[in-house]
Amino acid sequence: MIDSHTHLDLCEPSDAELVEAADAAGVARILTIGIDGASCRAALAAAEAFPQVHAAIGRHPNAATGFDDADLAELQALAAHERCRAIGETGLDFYREGAPPEDQRRAFAAQIGLARETGKPLVIHTRAAEQQTLDQLALEADGVSVVLHCFSMPERLDECVQRGYAISFAGNVTYKSATELAAAARLVPDDRLLVETDAPYLTPQAVRKLPNQPAFVAHTLAFVAEQRGVGVGELGATVQRNAARVFGW
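Computed from a prediction, not measured in an experiment: that's the story for all the values here.

## Structural notes on the packing of aromatic side chains
- Following the criterion strictly, the structure yields two aromatic pairs and no others.
- Relative to Phe-169, the ring of Phe-151 lies with its centre 5.9 Å away and its plane at 75°, an arrangement referred to as edge-to-face. Of the two residues, Phe-151 is situated in the loop between β6 (146-148) and α6 (157-162) and Phe-169 in strand β7 (residues 166-169); the sequence distance between them amounts to 18 residues. Assigned by exposure class, Phe-151 and Phe-169 land together as buried.
- The ring of Tyr-95 has Arg-127 lying over it, and the distance from NZ or CZ to the ring centre is 3.5 Å.

So this is what it looks like as structure tokens:
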């Protein structure tokens, strides 16, 4: 199994305990995500400390206020690290008042450019901004490998698949209310499918009372396998192959 999107620095307990638990659950690879300078450096430190951990370097849209050339230069320097496997998470988030939209768009454009420059995949966060996110990707990200983290637009699944995007499902796909997401999880082509935790958020239904952690990706994988009518081992191998192709590990 793999966890294609987690935030080790925001989880409890320690990185070592989280990685040990994930290893015991059969999670072979973990991509831990930076959302600002400090968390990017923490992600790289975790990736240096544990061979099964890799890092993504980015500026979250909610942390994009005032994004400028100095911020881009910091991301460029961090992204040059050998353990950086992706750029992001980046995108647009208009759900609540946060970074000004123009700053979000500027940071998003800069990270699309960085993904193109480095040849690394681009990890997308979008909330209450699906059309605007897809529009900017269409205009600026042609030829860039795109991962739609915590997939949230099942009504746009066909369009996203046609564009060649990887579709990653988090623990919320297991919630009883998430019938449209579950339907999307049944329909994603085998070669586009990823699973993730987004830990410490979006704990799968089976362990929902607990803070999320990478080991719990097993519950999401099992749910998606059931939806698709395949064995957990078979789907786990499929997702591992997809992650290896997308992230180059």
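## Details of the layout of surface pockets
- In this structure, the largest pocket spans a volume of roughly 470 Å³.
- Around the largest pocket, the lining is made up of 22 residues, and of these His-60, His-125, Arg-127, His-149 and Asp-198 lie nearest the centre.
- Of all the elements, strand β5 (residues 122-127) adds the most residues to the lining of the largest pocket, at four residues.
- Grouping the constituent residues of the lining of the largest pocket by class yields eleven nonpolar, seven polar and four charged.

## Regarding helix α7 (residues 179-187)
- Here α7 has its buried residues at Leu-181, Ala-182, Ala-184 and Ala-185. Mapping the buried residues of α7 onto a view down its axis gives an arc of 160°, with all of them on the same face. In this structure, α7 carries Thr-179, Glu-180 and Leu-187 as exposed residues pointing more than 90 degrees from its buried face.
- Where α7 is buried, its residues touch α6, β7 and α8 (217-228).

## Side note on the sheet that holds β5
- Strand order in the open sheet formed by eight strands is β1-β2-β3-β4-β5-β6-β7-β8, with parallel pairing between adjacent strands. Here the strands that pair on one side only, and so sit at the sheet edges, are β1 (2-6) and β8 (193-195). Taking each pair of neighbouring strands and ignoring which way they run, the sheet shows an average axis angle of 30°.
- One ladder, built from two bridges, connects β6 with β7; its direction is parallel.

## Notes on the environment of Arg-186
- Secondary-structure assignment places Arg-186 in helix α7.
- With residues near it in sequence (within four places) discarded, Arg-186 still touches Gln-227 and Arg-228.

## Here's the deal with the side chain of Thr-174
- As for its position among the elements, Thr-174 is in the loop between β7 and α7.
- The exposure class of Thr-174 is buried, given its relative accessible area of 10%.
- In this structure the side chain of Thr-174 is engaged in a polar contact, spanning 2.7 Å, whose partner is the backbone oxygen of Gly-171.
- A polar contact is formed between the side chain of Thr-174 and the backbone nitrogen of Gln-205, at a distance of 2.8 Å.

## A look at the pattern of salt bridges
- Tallied over the full model, the rule gives eight salt bridges.
- The salt bridge partner of Arg-59 is Asp-71, with a shortest N-O separation of 3.1 Å. Linking Arg-59 in the loop between β3 (53-57) and α3 (69-79) with Asp-71 in helix α3, this pair joins segments that are twelve residues apart in sequence. By the burial criterion, Arg-59 is buried, and Asp-71 matches it.
- Connected via shared salt-bridge partners are Arg-41, Arg-59, Asp-71 and Glu-74.

About the cut-offs
- Residues numbered from 1 in each chain as written.
- Predicted model: local features only at pLDDT ≥ 70, side-chain atom pairs only at ≥ 80, totals over all residues.
- Heavy atoms only, no water.
- Phe/Tyr/Trp six-rings, centres within 6.5 Å; stacked < 30°, edge-to-face > 60°.
- Helix = DSSP H or I, 4+ residues; strand = E, 2+ residues; numbered from the N terminus.
- Buried < 20%, exposed > 50% of the residue type's maximum accessible area, 1.4 Å probe, protein only.
- Lys NZ or Arg CZ within 6 Å of the ring centre and 35° of its normal.
- 1 Å grid on protein atoms, 1.4 Å probe; cavity = no way out; pocket = protein on both sides within 12 Å on 5 of 7 lines; lining within 4 Å.
- Points joined across faces, edges and corners; volume = space filled by probe spheres on them.
- Nonpolar A, V, L, I, M, F, W, Y, C, P; charged D, E, K, R; others polar.
- Arc of directions from axis to C-beta.
- Contact = heavy atoms within 4.5 Å.
- Pairing = 2+ DSSP bridges.
- Axes fitted to C-alpha atoms, helices over the stretch in contact; angles between N-to-C directions.
- Polar contact = N/O pair within 3.5 Å; in protein donor to acceptor, adjacent residues only side chain to side chain.
- Salt bridge = Lys/Arg side-chain N within 4 Å of Asp/Glu carboxyl O.

Just distances and angles here, no functional claims.
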